[in-house]
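Chain by chain, the residues:
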There are 2 protein chains.
Amino acid sequence: MDMPLMISAAIRYAAAYHGSTEVVARTIEGDLHRYDYATAHARTQQLANALARLGVKPGDRIGSLAWNTHRHFEMFYGVSGSGAVLHTINPRLFAEQLVYIINHAEDRLLFVDAATLPLAEAIAPRLTTVEHVVMMCEPARMPARTSLPGLLCYDELLAAEPAHYDWPDFDERSASTLCYTSGTTGNPKGVLYSHRSALLVALQIAPMVAMGVPNGAAATLMPMAPMFHGNAWQFPYLAPMLGTRLVLPGRNYEPDKLYELLEGERVTLTCGVPTFWLILTEWLQRSGKKFSTLRTSLSSGSAPPRSLVETMERDHGVQLMQAWGMTEALGGSAATSKPGAADLPFEQRIDARMRSGRALFGNRYRLVDDAGTELPQDGKAVGHLRVKAPWISSAYFKGEGGSAVDEQGWLKTGDLATIDTDGYVSLTDRSKDVIKSGGEWISSIELENVASGHPAVLQAAAIGITHPKWQERPLLVVTLREGAQVTGPELIEFMRGKLASWWLPDAVEFVDQMPLTGTGKLWKLKLREQFKDYVLKT
Amino acid sequence: MDMPLMISAAIRYAAAYHGSTEVVARTIEGDLHRYDYATAHARTQQLANALARLGVKPGDRIGSLAWNTHRHFEMFYGVSGSGAVLHTINPRLFAEQLVYIINHAEDRLLFVDAATLPLAEAIAPRLTTVEHVVMMCEPARMPARTSLPGLLCYDELLAAEPAHYDWPDFDERSASTLCYTSGTTGNPKGVLYSHRSALLVALQIAPMVAMGVPNGAAATLMPMAPMFHGNAWQFPYLAPMLGTRLVLPGRNYEPDKLYELLEGERVTLTCGVPTFWLILTEWLQRSGKKFSTLRTSLSSGSAPPRSLVETMERDHGVQLMQAWGMTEALGGSAATSKPGAADLPFEQRIDARMRSGRALFGNRYRLVDDAGTELPQDGKAVGHLRVKAPWISSAYFKGEGGSAVDEQGWLKTGDLATIDTDGYVSLTDRSKDVIKSGGEWISSIELENVASGHPAVLQAAAIGITHPKWQERPLLVVTLREGAQVTGPELIEFMRGKLASWWLPDAVEFVDQMPLTGTGKLWKLKLREQFKDYVLKT
């Protein structure tokens with residue numbers, strides 16, 4: 001029997017078997033919205049009917065400029081389930097990027113929330129394909145005035161429709177969501193996910209959900225990662241598939257609000273970048289709060305400081321598990337520990353957590369040198385990380401932006417890494433950030449990690465500066481903590497002995513603020529531009 | 001990227017990421033064989049090379065007449081991974097059935113072990129397609145004499161080959177294993193499983209593996225279900241995919257030997273029919289033994305007595321979770337409890353366990369009447385159980401045996417069931433076993449369960465006897481426990497009040513032994529033949 005893997009099956013399953021299980025979401029306005037999977041399913045069917053009424057056809061792109069709310073969750077089913085493509089858009093992008101990707105995707109509808117409405121208003125005149133903008137709220141919360149003509153109300157659209165829709169079966173390799181990479185160079189590139197890839201990745205992660213709880217359905221999932229980042233790591237699919245409670249933080253990432261959700265809603269598993277946890281743990285320490293249900297937080301995007309991993313485990317009983325992932329590779333590794341890892345001494349457990357994890361079934365990793373020759377996985381050889389998996393995108397939307405994979409079909413991740421004999425991946429740098437000195441590679445990340453260990457340092461960034469003899473030498477750019485002081489020579493002295501001596505930066509420069517990308521990452525390209533004429537004293 | 005789901009990926013993954021994790025198997029000779037996934041992977045590659053050398057081509061069927069040993073495990077990869085089809089054959093079938101299915105499958109090679117060699121010797125003259133018989137043992141254990149000409153030695157074949165083989169990628173819907181249903185009427189019918197279906201079902205079960213253990217890889221799996229029954233519930237794939245230890249019981253199901261493995265090898269999850277547990281718990285009670293690691297036993301094939309479920313949970317801390325499954329439907333429901341179920345009082349927890357479980361994601365269940373009209377899922381309406389899932393076989397090998405699905409594409413399970421408002425399926429009877437009395441259905445299983453509650457009854461079977469007024473009326477056929485006594489009227493009196501009075505059997509007959517099928521199930525067809533001229537006193 002040739003039955004396809006369809007995303008709609010997840011919400012239909014949840015409604016049928018976990019119909020009274022809760023979905024809790026913080027609205028943009030700040031209050032908590034509660035309903036259950038049966039209600040959510042009814043609303044996704046109303047949404048699918050509303051889209052049909054607006055003339056949406058299979059394959060059409062529908063944009064969402066929205067945070068982690070229950071209506072955005074509904075779009076993951078109402079849009080994709082009906083055969084259209086949900087284009088999740090990062091509201092943190094700059095206006096010109098937003099305009100580019102919405103026009104490039106040819107979004108026919110654009111869904112916004114109370115937080116992103118002003119963005120839509122600002123860019124609307126430059127959007128060439130959007131026919132309607134839909135405000136994701138109830139009628140009473142529609143804006144009193146807006147520059148957008150004919151702004152539609154999401155809840156009104158749904159209220160006009162029957163709560164029954166026959167989810168169609170179609171090719172499981174059809175696109176379900178579209179996500180643009182926030183590239184630091186060139187135009188953003190669209191990555192299409194399919195029904196097949198989204199469900200396979202969710203199935204791949206599923207065993208981790210059950211860890212430490214009596215059964216899968218007893219877990220509660222909260223994606224701190226936004227839904228516009230790789231489908232919020234498939235949590236919007238995973239929770240209904242397993243029938244777990246789902247908690248959505250809206251757009252409020254203030255530590256007290258996150259704690260209210262994580263603890264109050266008995267969350268067991270969450271995911272996101274380490275930044276959330278840096279802020280949250282500081283707040284927890286100050287306020288003396290603890291977690292009683294949270295077990296695991298999947299972490300990706302950047303390496304967490306060791307002290308964070310230690311604090312979370314020792315003081316809060318939460319495992320911060322690093323995963324490797326990128327937009328083009330929905331799945332990825334995760335720090336599934338080896339059997340017996342739980343019995344290791346604390347320090348060794350943390351050592352393992354500081355690596356980017358070991359592959360889950362379905363993923364293959366390899367390292368290659370610049371010439372594409374495979375390198376040993378001995379924990380020492382640093383090479384370009386390559387990944388292969390059934391859910392990896394090999395090309396970009398509309399065929400633009402070149403191929404994502406190399407000649408052997410392995411995804412070019414842009415990461416430099418080592419892989420040790422246990423299979424743990426350790427990222428050493430981004431290929432484009434590594435500092436090439438005397439034919440060798442100096443890891444900018446390693447320099448930054450060591451420098452960040454100094455109590456006066458808030459953030460550190462290492463970049464390569466052209467050098468007549470060595471090709472490049474490292475410059476360390478630093479922002480200081482409020483009221484703290486350290487000199488360049490003092491900082492280099494602090495770093496000595498913690499790194500090979502030839503890795504030590506040639507100079508340290510202090511700045512008030514680091515340039516950040518639209519997704520809040522350190523923008524090294526900008527930093528390099530800023531220091532492109534910098535001359536190292538020789 | 002169009003990368004297929006290939007079974008070979010599981011053993012390759014296990015070797016790469018869990019290379020030193022153990023596979024423990026009891027040999028047919030009785031000793032324990034230990035090796036690890038890295039070694040197993042090397043041997044599966046040798047096997048794939050050996051098959052190529054013997055001229056095996058993709059799609060060819062390779063028969064295995066074997067118990068749960070490490071070599072049989074290797075065949076799940078060496079055969080299927082190379083593109084050939086592993087035809088697992090039930091050694092408990094009668095000789096004529098074995099001959100029929102091996103010839104029908106056109107097996108080119110037949111793999112046997114020390115326990116099944118005599119069977120192969122007995123039927124070999126009637127096999128029309130088998131070119132070689134391979135004895136799964138090391139050279140030293142080859143039989144001194146055999147009637148089979150040119151009997152090959154498995155380990156010798158492997159030793160001649162390199163331990164490297166490039167697992168090919170091909171259509172994931174290609175057949176991986178072939179399993180004949182042990183139908184009680186007509187010829188056995190071949191059910192083909194595909195790479196896709198086997199892996200999807202394994203992924204579907206995976207979250208249950210992690211229950212109660214720190215992580216998936218910390219689990220230890222032991223399939224008590226034989227590998228010739230629906231791939232041993234995908235355990236041979238599941239364990240390598242998650243990197244868990246795998247324990248294989250060989251063919252020795254003596255309680256002390258099972259206990260030695262379950263406890264000694266720290267098994268956390270097992271699967272099989274309740275019969276194993278009836279024998280094992282009796283032995284445990286007698287010997288005062290307990291389990292310290294076993295958490296869950298998935299159960300299917302027949303309904304376990306309530307007392308067994310209670311004993312396992314109360315005295316041994318083991319959850320006996322009923323799953324629904326059949327050869328045509330690899331996956332199935334499993335008693336994934338609803339959130340909060342663990343906090344229910346003991347009696348209510350057991351109530352839930354007595355049902356056949358709730359669907360896991362991917363499965364849909366419905367009930368229909370004789371006319372195919374859908375019935376309500378209210379816990380009361382009894383109907384024909386229908387199942388839909390991406391891994392269900394809709395037709396049989398070579399197109400023989402009719403369609404397995406109804407006109408709407410739902411699998412005809414042959415079971416009668418109720419589904420309650422929580423989605424729990426409760427089997428009431430096999431369609432062909434139900435007793436039709438006065439236009440109503442009497443569940444033969446229900447009669448048997450109640451009768452079995454009498455301490456003198458070893459086994460009870462209810463069959464319909466033609467009745468001039470009521471169409472059919474129930475006759476209860478009973479075997480007694482050694483030394484125990486009960487009369488027919490006493491037994492009916494015992495049953496009164498526990499069932500609707502019109503369900504009570506009209507008569508009780510005592511026999512020394514029940515007729516059993518090749519798979520050890522009660523053979524009701526034979527019993528009905530035996531009593532076909534029985535006349536009920538009116």
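Since this is a predicted model, take the numbers as computed values, not measurements.

### So, the overall build of chain A
Item 1. A tally of regular secondary structure across chain A gives 16 helices and 25 strands.
Item 2. For 538 residues, the compact-globule estimate of 2.2 N^0.38 gives 24 Å, and the C-alpha radius of gyration of chain A, at 24 Å, lies within 12% of that figure.
Item 3. Taking the principal axes of the C-alpha coordinates as reference, chain A spans close to 75 × 55 × 50 Å.
Item 4. Evaluated residue by residue, chain A yields a buried proportion of 60% over its 538 residues.
Item 5. Looking at chain A as shown, the accessible area adds up to about 20400 Å², and 50% of this sits on carbon and sulfur atoms.
Item 6. For chain A, the distance from the average position of its 52 positive side-chain charges to the average position of its 58 negative side-chain charges is 1 Å.

### With respect to the interface of chain A and chain B
Item 1. In this complex, chain A contributes 49 residues to the contact, which on the side of chain B involves 49 residues.
Item 2. Between chain A and chain B, roughly 4400 Å² of surface is buried when both sides are summed, and carbon and sulfur atoms account for 60% of that area.
Item 3. There are two salt bridges connecting chain A and chain B.
Item 4. Across the side of chain A that touches chain B, the residue classes tally to 30 nonpolar, 10 polar and nine charged.

### Side note on the sheet that holds strand β6 (residues 132-135) of chain A
Residues and elements named next belong to chain A.
Item 1. Strand order across the open sheet formed by seven strands is β7-β6-β5-β3-β4-β8-β9, with mixed pairing between neighbours. Edge positions in the open sheet fall to β7 (152-153) and β9 (189-194), since each of these has one partner strand only.
Item 2. Two elements, strand β3 (residues 61-65) and strand β5 (residues 109-112), share four bridges in a ladder whose sense is parallel. When the bridges of β5 are listed, S64 appears paired with F111.

### Observations regarding the pattern of salt bridges
Item 1. Tallied over the entire structure, the rule returns 64 salt bridges over all chains.
Item 2. When the shortest N-O distance is used, the salt bridge between B:E138 and B:R71 registers 3.8 Å. Of this pair, B:E138 sits in the loop between β6 (132-135) and β7 (152-153) while B:R71 sits in helix α3 (residues 70-81), placing them 67 residues apart in sequence.
Item 3. Residue B:E138 is classed as partly exposed on the basis of its relative accessible area, which comes to 32%.
Item 4. With a relative accessible area of 8%, B:R71 lands in the buried category.
Item 5. Bridged by salt links that share partners, the residues A:R43, A:R71, A:E74, A:E138 and A:D155 form one connected network.

### Here's the deal with unusual backbone geometry
All names here are of chain B.
Item 1. Even without a glycine there, the phi angle at E106 is positive, about 60°.
Item 2. Tracing the backbone shows E106 in the loop between α4 (95-105) and β5 (109-112).
Item 3. The exposure class assigned to E106 is partly exposed, which follows from its relative accessible area of 36%.
Item 4. One non-glycine residue, R266, lies in the positive phi region at around 60°.
Item 5. Looking at where R266 falls in the secondary structure, it is placed in the loop between α10 (255-264) and β12 (269-272).
Item 6. Given the relative accessible area of 46%, R266 is considered partly exposed.

### Things to note about the nonpolar core
Item 1. Counting residues in hydrophobic clusters, the biggest one holds 182 residues, and the most contacted among them are A:F73, A:F111, B:F73 and B:F111.
Item 2. When residues no more than four places from it in sequence are discounted, the contact partners of B:F73 are B:I11, B:V23, B:Y35, B:Y37, B:A40, B:M227, B:P236, B:P240, B:L246 and B:L248.

### Quick look at the packing of helix α7 (residues 195-209) of chain A against helix α7 (residues 195-209) of chain B
Item 1. Contact pair α7(A) / α7(B): the axes reach a minimum separation of 7 Å and the direction vectors enclose 45°. On the basis of the axis angle, α7(A) is oblique to α7(B). As for how α7(A) packs across α7(B), the hand of that crossing is left-handed. Between α7(A), through A:R196, A:L200, A:L203, A:Q204, A:A206 and A:P207, and α7(B), the contact on the second element is made entirely by B:R196, B:L200, B:L203, B:Q204, B:A206 and B:P207.
Item 2. Residues belonging to the contact of α7(A) with α7(B) are distributed by class as follows: eight nonpolar, two polar and two charged.

### Looking at the domain arrangement of chain A
Item 1. Domain boundaries assigned for chain A yield domain 1 (11-272) and domain 2 (435-530).
Item 2. Computed from C-alpha coordinates alone, the two centres of domain 1 of chain A and domain 2 of chain A are separated by 38 Å.

### Some details on the sheet that holds strand β3 (residues 61-65) of chain B
Residues and elements named next belong to chain B.
Item 1. In spatial order, the strands read β7-β6-β5-β3-β4-β8-β9; together these seven strands make up an open sheet with mixed pairing. If you trace the sheet from one side to the other, it starts and ends with β7 and β9 (189-194), each paired once.
Item 2. Contacting β8 (175-181) and β9, α7 runs over the sheet at an angle of about 70° to β9.

### Focus: the relation of the copies chain A and chain B
Item 1. Under the fitted operation, chain A is carried onto chain B by 0.0 Å of movement along the axis and a turn of 180°, and the coordinates agree to an RMSD of 0.1 Å. The transformation relating the two chain copies, once decomposed into turn and shift, fits a two-fold axis. In terms of proximity to the rotation axis, the leading residue of chain A is A:P207, whose C-alpha is 2.0 Å off the axis.
Item 2. Taken as a fraction of all interface residues of chain A, those also at the interface in chain B reach 100%, which identifies the copy contact as same-surface.

### With respect to the confidence of the model for chain A
Item 1. Mean pLDDT over chain A works out to 91, with 96% of the residues at or above the 70 mark.
Item 2. Across the interface, the model reports ipTM at 0.89; the global pTM reads 0.90.

### Focus: the packing of helix α3 (residues 70-81) of chain A against helix α9 (residues 235-242) of chain A
Residue and element names in this part refer to chain A.
Item 1. Contact geometry for α3 and α9: axes closest at 10 Å, N-to-C directions at 80°. Relative to α9, the element α3 is oriented roughly perpendicular. Every residue of α9 that contacts α3 at F73, F76 and Y77 is listed here: P236, Y237 and P240.
Item 2. When grouped by side-chain class, the residues that make up the contact of α3 with α9 number six nonpolar, no polar and no charged.

### Some details on the side chain of B:R353
Residue and element names in this part refer to chain B.
Item 1. For R353, the location among the structural elements is in helix α13 (residues 346-353).
Item 2. We classify R353 as buried; its relative accessible area is 8%.
Item 3. Residues in contact with R353, not counting those within four places in the same chain, are V309, E313, Q319, L320, M321 and Q322.

### Describing the packing of aromatic side chains
Item 1. Per the counting criterion, the structure on display carries 32 aromatic pairs over all chains.
Item 2. Ring centres of B:W67 and B:F228 lie 5.5 Å apart, and the angle between their planes is 75°; this geometry places the pair in the edge-to-face category. In this pair, B:W67 sits in the loop between β3 and α3 while B:F228 sits in the loop between β10 (220-223) and α8 (230-233), placing the two residues 161 residues apart along the sequence.
Item 3. When the ring of B:W277 is compared with that of B:F291, the centres are 5.9 Å apart and the planes differ by 70°; the resulting orientation is edge-to-face. With a gap of 14 residues between them, B:W277 in helix α11 (residues 274-287) and B:F291 in the loop between α11 and β13 (296-299) connect regions that are remote in the sequence. Accessibility classification places B:W277 together with B:F291 in one group, the buried group.
Item 4. An aromatic cluster is defined as three or more aromatic residues linked by ring pairs; in this entry it consists of A:F73, A:F76, A:Y77 and A:Y237.

### Some thoughts on the pairing of strand β1 (residues 22-26) of chain A
All names here are of chain A.
Item 1. Of all the five residues making up β1, four are buried; the element is thus mostly covered by neighbouring parts of the structure.
Item 2. A loop of five residues connects β1 with strand β2 (residues 32-36), the two strands running antiparallel in sequence, and G30 in this loop sits at a positive phi of about 115°.
Item 3. Relative to strand β11 (residues 245-248), β1 runs parallel, the two sharing three bridges. Residue pairing across strands places V24 opposite V247, the latter belonging to β11.

### Here we look at the environment of A:E347
Item 1. Along the chain, A:E347 turns up in helix α13 (residues 346-353).
Item 2. In this structure, the C-alpha to C-alpha distance between A:E347 and A:A10, residues 337 residues apart in sequence, is 40 Å.

### As for helix α2 (residues 37-53) of chain B
Residue and element names in this part refer to chain B.
Item 1. Taking 1.5 Å per residue as the helical rise, α2 with its 17 residues ought to reach 24 Å, and the 24 Å between its terminal C-alpha atoms agrees with that figure.
Item 2. Burial analysis of α2 places 12 of its 17 residues in the buried class, which makes it a mostly covered element.
Item 3. A side-chain oxygen of the first residue of α2 lies 3.2 Å from the backbone nitrogen of A38; this N-cap is D36.
Item 4. After α2 finishes, the residue G55 shows a positive phi value of roughly 90°.

### Some details on the environment of B:S393
Residues and elements named next belong to chain B.
Item 1. Here S393 shows up in the loop between β16 (383-388) and β17 (411-419).
Item 2. Classification of S393 as buried rests on a relative accessible area of 8%.
Item 3. The sequence separation of S393 and V434 amounts to 41 residues, and the corresponding C-alpha distance is 25 Å.
Item 4. Reaching out from S393, the side chain makes a polar contact with the backbone oxygen of L192 at a distance of 3.4 Å.

### Details of the side chain of B:H467
Item 1. Among the secondary structure elements, B:H467 is positioned in strand β21 (residues 457-467).
Item 2. Among the polar contacts made by the side chain of B:H467, one reaches the main-chain amide nitrogen of B:K469 at a distance of 3.0 Å.

Cut-off values and rules
- Residues numbered from 1 in each chain as written.
- Chains lettered and ligands numbered in written order.
- Predicted model: local features only at pLDDT ≥ 70, side-chain atom pairs only at ≥ 80, totals over all residues.
- Heavy atoms only, no water.
- Helix = DSSP H or I, 4+ residues; strand = E, 2+ residues; numbered from the N terminus.
- Rg over C-alpha atoms; globule rule 2.2 N^0.38 Å.
- Buried < 20%, exposed > 50% of the residue type's maximum accessible area, 1.4 Å probe, protein only.
- Areas by Shrake-Rupley, 256 points an atom, 1.4 Å probe, with all protein chains shown as cover.
- Lys, Arg positive; Asp, Glu negative; His and termini not counted.
- Charge placed at Lys NZ, Arg CZ, Asp CG, Glu CD.
- Contact = heavy atoms within 4.5 Å.
- Buried area = accessible area lost by both parts, 1.4 Å probe.
- Salt bridge = Lys/Arg side-chain N within 4 Å of Asp/Glu carboxyl O.
- Nonpolar A, V, L, I, M, F, W, Y, C, P; charged D, E, K, R; others polar.
- Pairing = 2+ DSSP bridges.
- Core = buried A, V, L, I, M, F, W, Y, C linked by side-chain atoms within 4.5 Å.
- Axes fitted to C-alpha atoms, helices over the stretch in contact; angles between N-to-C directions.
- Parallel < 35°, antiparallel > 145°, perpendicular 65-115°, else oblique.
- Left-handed = near helix turned anticlockwise from the far one by under 90°.
- Domains from an automatic or database assignment.
- Least-squares fit on C-alpha atoms with pLDDT ≥ 70 in both.
- pLDDT = per-residue confidence, 0-100.
- Phe/Tyr/Trp six-rings, centres within 6.5 Å; stacked < 30°, edge-to-face > 60°.
- Expected span 1.5 Å × (residues − 1).
- Polar contact = N/O pair within 3.5 Å; in protein donor to acceptor, adjacent residues only side chain to side chain.

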